[in-house]
Amino acid sequence: APLVARHPSLSLELVAEARHASLVRREADLAIRPSKFSHQDVVQRQIGTIEFGLYASDGYLARHGMPDFAAGCAGHVLIAMTDDVGNVADREWLPPITSRARVAVRTNGREPMATMAAAGMGVTCLPRYVGDGTPGLRLLPTPTPAPRRSLFIGVHREARTTPRVRATLHHIAESFGLLGRALCPSGTSPAETRTPPAR
């Protein structure tokens, strides 16, 4: 809202999809990704860090008890990501601590995972800003720290000086800075502090 109020002639189109829009082919002016951009014509900067956590509802825990991670969460139900989704943060973290849990359902979105977990269907890994903001979910203590993903915003080198692109880029980076504690409640380590724009 502040961006639109500040620039009333600006028209925004927000597209959320698993496929990466190509900044080089100008399929988008700006893109936000949980990984670095690889093309040399894309200028990028880190704008935030997303912390994840393992969640379950009180109702589910009342029926199944707290997960025993030393036993691989035997007797527990897991809500997981579908295999066709790319390099998700929990893909390597979960198997060692939930190896004996039964995967009851898979989906390609974190919001459906949160909804199913809140309904008592099972245990699931969510970004902290989703899990902490979903009524009825409890953050579970885990034996190893939950994963984190750095968020990067990218823009084509030739488009970054365009006024509308520059204004939007600045606003997004500023807004993510204000959301830092919500996205990563535990705070960032020195290695995860924001990096300057690529040259």
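Residues numbered from 1 in each chain as written. Predicted model: local features only at pLDDT ≥ 70, side-chain atom pairs only at ≥ 80, totals over all residues. Heavy atoms only, no water.

Concerning unusual backbone geometry
Formally: Numbering of helices and strands starts at the N terminus; helices are DSSP runs of H or I of at least 4 residues and strands are runs of E of at least 2. Throughout, exposure labels follow a simple rule: accessible area from a 1.4 Å probe, protein chains only, divided by the maximum for the residue type, with under 20% read as buried, over 50% as exposed, and the rest as partly exposed.
The backbone phi angle of Arg26 is positive, close to 60°, even though this residue is not glycine. With respect to the helices and strands, Arg26 occurs in the loop between α1 (2-6) and β1 (30-33). The class for Arg26 is partly exposed, based on a relative accessible area of 43%.

Brief notes about the pattern of salt bridges
Let me state the cut-off plainly: Whenever a carboxyl oxygen of Asp or Glu lies within 4 Å of a side-chain nitrogen of Lys or Arg, that contact is scored as a salt bridge.
Taken as a whole and judged by the stated rule, the model has seven salt bridges. For Arg25, the salt bridge goes to Glu27, with nearest N and O atoms at 3.4 Å. With a relative accessible area of 59%, Arg25 lands in the exposed category. Judged by its relative accessible area of 38%, Glu27 is partly exposed. For Arg26, the salt bridge is made with Glu158, and the minimal N-O distance between the two is 3.1 Å. Taken together, the residues span a long stretch of sequence, with Arg26 in the loop between α1 and β1 and Glu158 in the loop between β7 (148-156) and α6 (163-178) at a distance of 132 residues. Glu158 sits in the exposed class, given a relative accessible area of 61%.

Considering the confidence of the model for the protein chain
Note the following rule: Scored between 0 and 100, pLDDT is the confidence that the predictor attaches to each residue. Whether two residues are in contact is decided by their heavy atoms: any pair within 4.5 Å suffices.
Model confidence for the protein chain is summarised by a mean pLDDT of 89, while 93% of its residues fall at 70 or above. Note that residues 189-199 has pLDDT below 50 and, in this model, 21 contacts with residues that lie over four places away or in other chains.

Quick look at the environment of Ala89
With respect to the helices and strands, the residue Ala89 is situated in the loop between β3 (77-81) and α3 (94-98). Spatially, the C-alpha atom of Ala89 lies 9.5 Å from that of Leu126, the residues being 37 residues apart in sequence. Ignoring anything within four residues of it in the chain, the contact list for Ala89 reads Phe52, Arg110, Pro147 and Arg149.

Considerations on the side chain of Thr98
Position of Thr98 among the secondary structure elements: in helix α3. Excluding residues that lie within four positions of it along the chain, Thr98 makes contacts with Gly72, Cys73 and Leu78.

Things to note about a nonpolar patch on the surface
Filter applied, for reference: Patch members must show over 30% relative accessible area and no salt bridge, and they are joined within 9 Å when carrying like charges or within 5 Å when they are nonpolar side chains of Val, Leu, Ile, Met, Phe, Trp or Tyr. We get accessible surface area from the Shrake-Rupley algorithm with a probe of 1.4 Å; when it comes to residues, only the shown protein chains can shield them.
Side chains of Val4, Leu12 and Leu14 sit close together on the surface and give an oily, nonpolar patch of about 310 Å² of accessible area. Its location among the elements puts Leu12 in the loop between α1 and β1.

Some details on the nonpolar core
Which entries qualify depends on this criterion: We define a nonpolar core as any set of buried Ala, Val, Leu, Ile, Met, Phe, Trp, Tyr and Cys residues linked to one another through side-chain atoms lying within 4.5 Å.
Residues Ile47 and Leu54 are the most contacted members of the largest nonpolar core, which totals 30 residues. Broken down by secondary-structure element, the contributors of at least two residues to this core are β2 (42-57), α2 (58-64), β3, α3, β5 (123-127), β7 and α6. Here this core gets six residues from one element, more than from any other, and that element is β2.

Remarks on α6
Here is the rule: One fewer than the residue count of a helix, multiplied by 1.5 Å, yields its expected span.
With 16 residues, α6 ought to run about 22 Å at 1.5 Å a step, and its terminal C-alpha atoms sit 23 Å apart, in line with that. All of the buried residues in α6 are Val165, Thr168, Leu169, His171, Ile172, Ala173 and Phe176. Buried-residue contacts for α6 involve α1, β1, β2, β7 and α7 (180-183).

Digging into the side chain of Arg149
Selection criterion: We score Asp and Glu as negative and Lys and Arg as positive, and we do not count His or the chain ends. Throughout this description, a polar contact denotes any pair of N or O atoms lying within 3.5 Å of each other; where both atoms belong to protein, one of them has to be capable of donating a hydrogen while the other can accept it, and for residues adjacent in sequence the pair is counted only when both atoms sit in side chains.
Its location among the elements puts Arg149 in strand β7. Asp90 is the oppositely charged side chain nearest to the buried, salt-bridge-free Arg149, at an N-O distance of 7.1 Å. Within the local environment of Arg149, its side chain forms a polar contact with the backbone oxygen of Pro34, the two atoms lying 2.9 Å apart. Setting aside chain neighbours within four positions, we find Arg149 in contact with Pro34, Ser35, Gly48, Thr49, Ile50, Phe52, Asn87, Val88 and Ala89.

Considerations on the pairing of β3
This is how the line gets drawn: Note on pairing: DSSP must find at least two bridges between two strands before they are called paired.
Here β3 lies mainly inside the structure; five of its five residues are buried. Relative to strand β4 (residues 102-107), β3 runs parallel, the two being bridged by five bridges. When the bridges of β4 are listed, Ile79 appears paired with Val105. Examined bridge by bridge, β3 and β5 share two bridges and lie parallel to one another. Counted as the bridge partner of Ile79 is Thr124 from β5.

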